[in-house]
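One letter stands for each residue in the lines below.
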Amino acid sequence: MNHAYILTLSCPDRRGIVHAVSGFLFEHGGNIEEAAQYNDAGTGLFFMRVQFACDQLTHAELSTALKTFAEPFQMDWRLHDTTEPMRAVILVSKEGHCLNDLLFRCKSGLLALDVRAIVSNHREFYQLAASYNIPFHHLPVTAATKAQVEARQLEIIESEGAELVVLARYMQILSNDLCNKLAGRAINIHHSFLPSFKGAKPYYQAHDRGVKLIGATAHYVTGDLDEGPIIEQDVARADHSKTVEDLTAMGRDTESQVLARAVKWHSEHRVLLNGHKTVIFK
């Protein structure tokens, strides 16, 4: 029986990398089903994603062989087994549009995610979590308890073996320490009015200024607030007839769609980090 794998890699660019990778997979019984590559001329780095089937070697055996193969190329590589959905934990506060959208997509088979837990600093969505048979953890946050709460959040994430943490409108700023521990596996979503309309009620501020574009950005979480590597963005047009409520609804729809695409691409191992940017093999 063939097992499906995805190999992602980056390394300094040089001639013959695609040939070498293809040859390696052929020699180890791999059959390439999908492949994409990109050379960043600005950084001199090469990126590649290969999906292949293999019935001769286990994941562990392939990993051992890859370690030897990759060393001369100075490759940063990952080998993923696609037989299981990606384990995830979702953080949320009081706005549930992104959470509800993600859960529905998972239930409908549109996202290959296994949501292991929902963590919130409010109680609003415990019934929604229960309707999907997902454990719900209520962890209220204050300035005095922030460190303890983050320790408990990390404990939940690690105990569930989460490969992805989704901040689905989680309205607490994570500490630098937690951001570092979740580097490359935590995705946040926010409206794209920043930095123009900061603070509370951004859609009221935007309406007052007569904005013509409503946008959203999904990015990896870093210690620099809302400045991590961008995965996906989108916009919706607005005009003078739109009320604050209209703009808010448009923004929620855009946020949900942008976050869903970012989560899907991450769960399919299509996103590779390229410094402060990303390479996305769609």
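Up top is the structure.
Below: a short report on this structure. (Residues numbered from 1 in each chain as written. Predicted model: local features only at pLDDT ≥ 70, side-chain atom pairs only at ≥ 80, totals over all residues. Heavy atoms only, no water.)

Here we look at the side chain of Thr8
Tracing the chain through its elements places Thr8 in strand E1 (residues 3–12). When residues no more than four places from it in sequence are discounted, the contact partners of Thr8 are Met48, Arg49, Asp76, Trp77, Arg78, His80, His269 and Leu272. (Helix = DSSP H or I, 4+ residues; strand = E, 2+ residues; numbered from the N terminus. Contact = heavy atoms within 4.5 Å.)

Some details on helix H2 (residues 59–70)
Residues lying three or four places apart along an α-helix face the same way, a consequence of the helix completing one turn every 3.6 residues. Look at H2: 16 Å from first C-alpha to last across 12 residues, which is about the 16 Å you get at 1.5 Å a residue. Within the sequence span of H2, burial applies to Leu62, Ser63, Ala65, Leu66, Phe69 and Ala70. Contacts made by the buried residues of H2 are with E1, helix H1 (17–27), strand E3 (45–54) and strand E4 (76–81). (Expected span 1.5 Å × (residues − 1). Buried < 20%, exposed > 50% of the residue type's maximum accessible area, 1.4 Å probe, protein only.)

Examining the packing of aromatic side chains
Taken as a whole and judged by the stated rule, the model has four aromatic pairs. The rings of Phe24, Phe69 and Phe73 are connected pair by pair, giving a single aromatic cluster. Over the face of the ring belonging to Tyr204 we find Lys201, whose NZ or CZ atom lies 5.1 Å from the ring centre. (Phe/Tyr/Trp six-rings, centres within 6.5 Å; stacked < 30°, edge-to-face > 60°. Lys NZ or Arg CZ within 6 Å of the ring centre and 35° of its normal.)

Let's talk about the sheet that holds E3
In spatial order, the strands read E2-E3-E1-E4; together these four strands make up an open sheet with antiparallel pairing. In the strand order of this sheet, the two ends are held by strand E2 (30–40) and E4, each with one partner. Recorded for the sheet is a direction-independent mean angle of 10° between the axes of neighbouring strands. Here E1 pairs with E3 via 10 bridges, running antiparallel. In the sheet register, Leu7 faces E3, and the bridge partner there is Val50. Relative to the sheet, H1 contacts E1, E2 and E3, its axis offset from that of E3 by approximately 20°. Across the sheet, H2 is in contact with E1, E3 and E4; its angle to E4 comes to roughly 165°. (Pairing = 2+ DSSP bridges. Axes fitted to C-alpha atoms, helices over the stretch in contact; angles between N-to-C directions.)

From the geometry alone we can't say anything about function, so treat these as descriptive.
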